[in-house]
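Chain by chain, the residues run as shown.
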Amino acid sequence: MYRIILTRLGQGLLTLLLASIIIFGATEILPGDVAEAILGQSRTDEALATLREEMGLNRPAIVRYFDWLGGMVQGDLGTSLATKRPVADMIESRMWNTLRLALLAAAISVPLSLALGLWSAMRAGGKVDKTLAMTTLALIAVPEFFIGLILMKVFAVELKWLSASANTRPYFDFWQNFRALALPVATLSFAVLAHMMRMTRSSVINIFTSPYLEMAALKGLPKRRLVIRHALPNALSPILTVIALNLSYMVSGVIIVETVFGVPGLTRLLVDGVTLRDIPLIQACAMIFGAVYILLNLLADVLSIMANPRLRYPK
Amino acid sequence: MNDILTIKNLRVEGRPPGGSYVPIVKGVSLNVAKGEVLALIGESGSGKSTISLASMGFARPGCRIAGGEIWLNGRDIMKLSPHERHALRGDEVSYVAQSAAASFNPALRIGKQVIEAPLWHGAGDAATLTATAVDLYRKLDLPNPDTVGDKFPHQVSGGQLQRLMAAMAMSCGPDLLILDEPTTALDVTTQIEVLKAFKDIIRDQGTAAIYVTHDLAVVAQVADRILVLKNGEMVEEGPTAQILNDPKHEYTRSLMDAVRPAPHLVDHVDGSAAQAPVISARNITAGYGALTILSDVSVDVPAASVVGVIGESGCGKSTLARVVAGLTPLREGEIKLDGKVAAPGVKDRPRDTLKDCQIVFQMADTALNPRQRIGDILGRPLEFYQGLKGRARLDKVGELLELVDLPRSFASRFPGELSGGQKQRINLARALAADPKVILCDEVTSALDTVVAAGVIELLKSLKDKLGVAYMFISHDLSTVASFADEVVVLYAGRVVEKGPSKAVFSPPFHPYTKLLLSSVPEMRQGWLEGVADTGEAKAASAGSVIIGAKGCPFANRCTHVIAGTCDRVTPPLRDLPGELSVACHLDTDALPST
């Protein structure tokens, strides 16, 4: 089993390396370079050449790639062109905002979708099942910004229960934090809930027809125990995969929520970077999103390998 | 009245997807007394499994118990609330299913599953129940009774798992045990130990049992009374001896007639004059990944003849067919089809070579695309191999259907509308569409009822006579092979241990393994099990398990004739005996088992 996991980890690293090549290549293809961006409209050919020489931009792309990659590995994300501050500092202050939203949404949506999925599996074809299917499908069909705006209109503007701005301050107490974060977290959760729930439901129902579930039923066990103890452990693998896909979607999809609720987060930093052609910032943000994506999927794979007794205890 | 179970006028209905309810069981009554074993026999679709499940108040999804009374321990369980009925299952009545491999949850440890029911019903705490379970394992002759419960289902062999399922059913100390075809999926050698275990434990605990099976020879060993079912109705009921020796009803007699005589009693086909081989496999070594399944196997299939390949599951029978067909690449050796060397991979074989050698798989259900009509399933190979299109293709599909004794109108049907036997005929017709010289038949009758299987064998025979096609007939059913094959190859752990004309293989002298196989085939005689289970051969055979790739003779660890120092070191070569027989054994010809 450890060999399989190590291989998978190696594949993850390789994917990350590939992602870095693509990201570097993509910023390389963009018209203009950093020197042009810095000098802006007032550039002369001479000044451009000097600056390029100074910044080492005349070196071949491959040398600059390894230079950049080496810096990344050591934690040096480069210096922002727009603010002249180290990119790492800029990201650090923003990262927490995004991470907090994503983590809260994950902490709510994953258990909720599992529970709802199991519930509708137990009542497959019944009223509960149908209602849940309709609601979650409707939620998936409506774009996130729209859900965000509706929630904002109802709970912030009309009822005035919750805050429309997700900007938190260090001195906020629990309730103030709750008021600020409830709506963006709910919006994010709704976006990923349906897919995970439906996967849980169908994976578990798939196993209902297997002889070992009939066997368990003939032991006189109630449905609740059949689903949780006998069906769920065997349905974990596809569920984990879908959870990982949704969570990684959430991390990058958080941009819409950050925009709607005015959260100063990582995705907005990335968008700002693109507008200002702040290439080191774009590269660093893109690498972080890539890494999260790869890491989550890696985690799901490793967990489903570990959940499989055939791999854990070979003959 | 000491009846544990009394069923009166039971009616069960089933609903096909999207259809309306149709009766499956039409008013059956039965009773089982304490310590008595009642066998339900009949073909598939006779309702025997449905009845056995109904005695637990259970109906499979899509089915419902429509009427009747089911009295268990003096209560009509149809009048109980669902909750009370749940409380009976796994407490007063428990169930042993056909396939233990499928009925154990792969994600949970065996011990937890064994004690789950009594633990849930509050019969004791985990430690006491585990101790009781270990006692049961010991009674069932399971190896390592103290630790086997900590294993996962995939870590133990099929025969052991089947006995563990018996332990699971007995762990709650039930009054009634339901056994639903519990040995059908097992090899004959394993079947003996499992049957013996079931019989002993039922007798020891004085449990009443319902034993569902279609195998009359098995029934003869375990049942006190037999109830014969057909299409959900009772045909005949009586004590085992009476039903077996003096059946009153026409249908029971027809079931008896479908039972094949023991392999050494059949009239063997006389090997036809030597023909040029259509398959000539020389010194084949093959496997999957690091695992070697076949070692140094050589087999010839002469034109227009039948070569039977027999052996226990896992011995490499199917792998041999896959290697010949090019589906599994061979590592060493050579395959000649119709005299020409064939590429090891199916992708590298030209169309003419592919056409000559076709394969028919065991499960017609999974081999036929459920979304294609029969006409398309048969039409595709006709187009591919013979370039037939339009009208010509349609005509040929009709001809093929008639060839396998099915009406032409089946061309417009889907596989789902056909019975198991009909599907297997379609499967065969698809192979015939290529107009092959040889067909590899991989357990083609194993999933079928005795009567239906006999029909398929008759069809294979008539096709051979009509078209001159040869078969490599792979099966674990020795009786069928004995009556059908011209030549027989016995495989054990991926090696040929004996081969020759059918008559010579199934009569003395035997290879010790062939002897074991033959003596393990159940006979329709009461008391046979006790006689055979106590022989030294059966005991030695159940003590060891098959080791693939072992040093020396692969059978050495289960053989009563083992020569220490020789058999465990040197792999015996195939040596020729009189009568075209070849045997791989170190024993002198005179010392080979003869009776």
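Residues numbered from 1 in each chain as written. Chains lettered and ligands numbered in written order. Predicted model: local features only at pLDDT ≥ 70, side-chain atom pairs only at ≥ 80, totals over all residues.

Q: Is there a simple way to explain the overall build of chain A in this structure?
A: Along chain A, the regular secondary structure elements total 13 helices and zero strands. From first element to last, N terminus to C terminus, chain A shows the α and β order α-α-α-α-α-α-α-α-α-α-α-α-α. When its C-alpha atoms are laid out on the principal axes, chain A stretches across 85 × 60 × 35 Å. Counting across all 315 residues of chain A, residues that qualify as buried make up 34%. By sequence separation, contacts in chain A at least 24 residues apart represent 72% of the contacts at least 6 residues apart. (Helix = DSSP H or I, 4+ residues; strand = E, 2+ residues; numbered from the N terminus. Buried ≥ 20, exposed ≤ 12 C-beta atoms within 10 Å, placed from the backbone. Contact = placed C-beta atoms within 7 Å.)

Q: Hey, could you run me through the nonpolar core in this one?
A: Across soluble globular proteins, you tend to see nonpolar side chains buried next to one another. Counting residues in hydrophobic clusters, the biggest one holds 244 residues, and the most contacted among them are V324, M472 and F473 of chain B. In terms of residue count, the dominant contributor to this core is helix α8 (residues 174-208) of chain A (16 residues). (Core = buried A, V, L, I, M, F, W, Y, C linked by C-beta atoms within 7 Å.)

Q: Would you mind going over the domain arrangement of chain A with me for this structure?
A: Often, the extent of an interface is quoted as the loss of accessible area upon association of its parts. All names here are of chain A. Along its sequence, chain A is carved into domain 1 (2-73) and domain 2 (87-312). For domain 1 and domain 2, the distance between their C-alpha centroids amounts to 32 Å. Of all the secondary-structure elements, those providing two or more residues to the side of domain 1 that touches domain 2 are α1 (2-29) and α2 (34-39). Broken down by element, the side of domain 1 that touches domain 2 gets its largest block of residues, 12 residues, from α1. Partitioning the side of domain 1 that touches domain 2 into residue classes produces 10 nonpolar, five polar and one charged. (Domains from an automatic or database assignment. Nonpolar A, V, L, I, M, F, W, Y, C, P; charged D, E, K, R; others polar.)

Q: Just checking my understanding: could you explain the domain arrangement of chain B for this structure?
A: Residues and elements named next belong to chain B. Segmenting chain B into domains produces domain 1 (3-259), domain 2 (265-505) and domain 3 (512-591). The gap between the C-alpha centroids of domain 2 and domain 3 is 28 Å. Across the boundary between the two partners, domain 2 contributes 20 residues, which contact 19 residues of domain 3. Contributing elements (two or more residues each) for the side of domain 2 that touches domain 3: β12 (291-302), α19 (478-484), β19 (487-492), β20 (495-501) and α20 (502-505). Per-class residue counts for the side of domain 2 that touches domain 3 are 11 nonpolar, five polar and four charged.

Q: Looking at this model, I keep getting lost on the sheet that holds strand β2 (residues 22-33) of chain B. Mind explaining?
A: Note: strands within a sheet are paired through backbone hydrogen bonds, in either parallel or antiparallel orientation. All names here are of chain B. With antiparallel pairing, the four strands of this open sheet are ordered in space as β2-β1-β4-β5. At either margin of the open sheet sits one strand with a lone partner, and together these are β2 and β5 (75-76). Summarising the sheet, strand β1 (residues 3-14) and strand β4 (residues 63-72) pair through eight bridges and their orientation is antiparallel. Bridge pairing in β4 places V12 opposite I65. (Pairing = 2+ DSSP bridges.)

Q: What am I meant to see in the sheet that holds strand β14 (residues 330-337) of chain B here?
A: Residues and elements named next belong to chain B. Spatially, the four strands line up as an open sheet ordered β12-β11-β14-β15, and their pairing is antiparallel. Taken across any chain shown, the strands that pair with only one partner, and hence form the sheet edges, are β12 and β15 (340-341). The pairing of strand β11 (residues 277-288) with β12 spans eight bridges and is antiparallel. When the bridges of β12 are listed, G287 appears paired with T292.

Q: I would appreciate a short explanation of the confidence of the model for chain B in the present structure.
A: When pLDDT is low, close inspection of the predicted coordinates is not appropriate. Overall, the predicted model of chain B reaches an average pLDDT of 87, with 96% of residues at or above 70. Our summary of model confidence lists the complex with pTM equal to 0.79 and ipTM equal to 0.76. (pLDDT = per-residue confidence, 0-100.)

Q: So what exactly am I meant to see when it comes to the packing of helix α8 (residues 188-205) of chain B against helix α21 (residues 512-520) of chain B here?
A: How two helices sit against one another is set out by the angle between their axes and by the gap between those axes. Residues and elements named next belong to chain B. Packing of α8 against α21 leaves a shortest axis separation of 8 Å and a crossing angle of 50°. Comparing the axis directions of α8 and α21 gives the class oblique. Here the hand of the crossing between α8 and α21 comes out left-handed. Across the interface between the two elements, V188, T189 and I192 of α8 pack against L516, L517 and S520 of α21. Residues of the contact of α8 with α21, tallied by class, amount to four nonpolar, two polar and no charged. (Axes fitted to C-alpha atoms, helices over the stretch in contact; angles between N-to-C directions. Parallel < 35°, antiparallel > 145°, perpendicular 65-115°, else oblique. Left-handed = near helix turned anticlockwise from the far one by under 90°.)

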